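Summary of the model geometry
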Amino acid sequence: PLMFNTKFGSFNGSTWEGLCQQVFKRKYQAECYQQMPASPGDYGIEGYTSDTGWAFQCYCPEKHYERTELYDKQRDKITTDLRKLKDYAQELQTRLGSTKISRWVFVTPEIDRNALLAHAKTKEAEVRAWKLPILTDDFTVLLHDGDHYLVEINEVRAACGEALVFDDTAPVLAALTGQQEQYEINVHRKSGYRLAEKAQLPDFQTRVQMLSQRTIEQFLEADGYFRRVASVSPMTHVRLIRLINEYEQYVIETSATWSGTAEELTIQVRDGLTKIISDELAPEFDKANTLKVARYMTARWLAVCELDYG
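Figured I'd write up the structure that's included with this text.

About the criteria used
Residues numbered from 1 in each chain as written. Predicted model: local features only at pLDDT ≥ 70, side-chain atom pairs only at ≥ 80, totals over all residues. Heavy atoms only, no water. Helix = DSSP H or I, 4+ residues; strand = E, 2+ residues; numbered from the N terminus. Contact = heavy atoms within 4.5 Å. Pairing = 2+ DSSP bridges. Axes fitted to C-alpha atoms, helices over the stretch in contact; angles between N-to-C directions. Buried < 20%, exposed > 50% of the residue type's maximum accessible area, 1.4 Å probe, protein only.

**As for the side chain of asparagine 154**
Relative to the assigned elements, asparagine 154 resides in helix α5 (residues 150-159). Those residues in contact with asparagine 154 that lie beyond four places of it in its chain are Leu164 and Val165.

The following block contains the structure:
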């Protein structure tokens, strides 16, 4: 299933709406929040507060778009759903009763604010000009991203026994910015350090070449494997990358302060990552997957140089 990754977790349209409904019920309880079921039709609002006339429409992209495309999707959704206020004014009237809509709030995980804000203001002026009986004269369009509801999202997560959100952004693996040859040179040099105890053996260079080759293969397979995890289980992927990125700081520090051999450090890094993933992500991430990630990340750190031997 395709999902949109955010710092709050991975969502599609229906799971984002599900979270939003729980959030609105908590946050707007005092204003008498009322969920609006999607059947028999979707009228451009998914709930409203009967006391204050705030109406809410949730939107989450079904996958990751680059910024311009994301803006286009959000812009079109706002246009389409505001149009429904006019098209379904009568149906809405029977559901709203005496409540008039004063604020229409577009709720989406992330907003590329300025361009979308300008669009929202243009649309707001258009909608006001329709003079619909279900809207107040000062009808306003608001854009809310997930941060507006961070306290409530964390309350919902805590109630479900999930980890709270303190991150700024959705976690991603560090980008590879170097050249392939440079990564190969790094790995070859470090393979020599790792086999230093065997430097007197006649087949030392052959051993270095073999270890180097294996490490490069692991490094090249790593990112494809992480992409597969992301596509099969986005939630697991977000948790996994958060752990890896945090552990990476430990790897960099330990590399700087290490006084044992290069191979001892390599084993400590690999086994330490295996343990931390086992502790945090079992049972959905089994032993074989855990060992694989530790192997892949150790190779990646060797190539990219977070794991180094002074």
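**A closer look at the sheet that holds strand β3 (residues 33-35)**
Taken in spatial order, the five strands line up as β3-β4-β5-β6-β7 in an open sheet, and their pairing is mixed. Where the open sheet ends on each side, the last strands, each with one partner, are β3 and β7 (135-144). Neighbour-to-neighbour, the strand axes of the sheet open up by a mean angle of 20°, direction not taken into account. By the bridge criterion, two bridges tie strand β4 (residues 47-49) to strand β5 (residues 54-58) in an arrangement that is antiparallel. Its bridge partner being in β5, glycine 47 is matched across the sheet by phenylalanine 56.

**Quick word on the pairing of strand β6 (residues 101-107)**
The buried fraction of β6 amounts to six of the seven residues, a majority that puts the element mostly inside the structure. Taken together, the five bridges between β5 and β6 define a ladder with parallel strand orientation. Counterpart to phenylalanine 56 in the pairing with β6 is valine 105. Across six bridges, the pairing between β6 and β7 is parallel. Residue pairing for β7: phenylalanine 106 is matched across the bridge by leucine 143.

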